[in-house]
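Now for the letters of each chain:
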Amino acid sequence: MIDKMKSLGVSNPAPDMQWELWYQDVFDRECPRRVEVIGRGLMLGLTELWARHLFETVQADGEKGFSRFNLWCTKEEKSIKVTGTWGGMVRLRKWIFGDKRNVYKNFIEEGDEGLLVKIARVHSLLVLAGQTSEGILKAAENCTSCEDFEAQLQILA
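In this text, all values refer to a predicted model and were calculated from it rather than measured experimentally. (Residues numbered from 1 in each chain as written. Predicted model: local features only at pLDDT ≥ 70, side-chain atom pairs only at ≥ 80, totals over all residues. Heavy atoms only, no water.)

### Observations regarding the overall build of the protein chain
Our working definition: Secondary structure elements are taken from DSSP: a helix is a run of H or I of four residues or more, a strand is a run of E of two residues or more, and numbering for both begins at the N terminus. The reference for a compact globule is 2.2 Å times residues^0.38; the radius of gyration itself is calculated from the C-alpha atoms. Type-normalised accessible area, obtained with a 1.4 Å probe on protein chains alone, sets the label of each residue: buried when under 20%, exposed when over 50%, and partly exposed for intermediate values. Any two residues whose heavy atoms approach within 4.5 Å are treated as being in contact.
A tally of regular secondary structure across the protein chain gives seven helices and four strands. Reading the protein chain from its N end, one meets helices and strands in the order α-β-β-α-β-β-α-α-α-α-α. Taken over the C-alpha trace, the protein chain has a radius of gyration of 15 Å; the compact-globule value for 157 residues is 15 Å, and the two agree within 12%. For the protein chain, the spread of C-alpha atoms along the three principal axes comes to 45 × 35 × 30 Å. Each of the 157 residues in the protein chain was classed as buried or not, and the buried ones make up 43%. Pairs at least 24 apart in sequence give 67% of the contacts found in the protein chain among residues at least 6 apart.

See below:
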């Protein structure tokens, strides 16, 4: 992941931020929330969040799955979620994962890791500015190609 960031020439805002990625099953209300991944560096945490959200919360057929995720920044006591238009989420899921329905490696490696890193970078800058992911998803919804979306990400950054 760090190598992918370097190869893309992407800086890492808040590299020391500690986080936990939490999972919740909304189908089985008896199932307790749990921590799936713990790490350091806001961009890495957001990359993990986006990958899981787009693969499990947004299904390959565009339906809403039963998994919910949030990134908990431990020292800042701040929760971060992917928020915005469903149409943008569906479009991003298609661009990043295509029609995949199963994960055989890890979520990030199964998708377009470069695009996930770019999204996480912009989201991290938005978080540090006190904003949400809504602009990212609005841009995805309004773009007809992944290339156009990547250009919009540059503007958002």
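### Focus on the packing of aromatic side chains
Put simply, the test is: Between 30 and 60 degrees the pair is tilted, below 30 it is stacked and above 60 it is edge-to-face, where a pair is any two Phe, Tyr or Trp rings, Trp via its six-membered ring, whose centres lie within 6.5 Å. Only Lys NZ and Arg CZ are tested; either one counts as a charge over a ring when it is within 6 Å of the ring centre and within 35 degrees of the ring normal.
This structure, assessed with the given rule, holds five aromatic pairs. Taking the centre distance of 5.6 Å and the plane angle of 50° together, the rings of tyrosine 23 and phenylalanine 69 count as tilted. Taken together, the residues tyrosine 23 in strand β1 (residues 18-25) and phenylalanine 69 in strand β3 (residues 67-73) connect sequence positions 46 residues apart. Grouped by ring-pair contacts, the aromatic residues Phe55, Phe97 and Phe107 constitute a single cluster. The ring centre of phenylalanine 55 lies 4.7 Å from the NZ or CZ of arginine 93, which sits over that ring.

### Things to note about the side chain of threonine 57
Looking at where threonine 57 falls in the secondary structure, it is placed in helix α2 (residues 42-57). Classification of threonine 57 as buried rests on a relative accessible area of 2%.

### Some points on the pattern of salt bridges
Here is the rule we go by: One speaks of a salt bridge when a side-chain nitrogen belonging to Lys or Arg is within 4 Å of a carboxyl oxygen belonging to Asp or Glu.
According to the stated counting rule, one finds six salt bridges in the structure shown. Note that arginine 52 is salt-bridged to glutamate 36, the shortest N-O span being 2.9 Å. On the criterion of sequence distance, the pair formed by arginine 52 in helix α2 and glutamate 36 in strand β2 (residues 34-40) is long-range, its members being 16 residues apart. For glutamate 150, the salt bridge is made with lysine 118, and the minimal N-O distance between the two is 2.5 Å. Of this pair, glutamate 150 sits in helix α7 (residues 146-156) while lysine 118 is found in helix α5 (residues 113-128), placing the two residues 32 residues apart along the sequence. According to the relative accessible area criterion, glutamate 150 is partly exposed, its value standing at 24%. The class of lysine 118 is partly exposed, set by a relative accessible area of 27%. What emerges from the salt-bridge pattern is a single network uniting Arg34, Glu36, Glu48 and Arg52.

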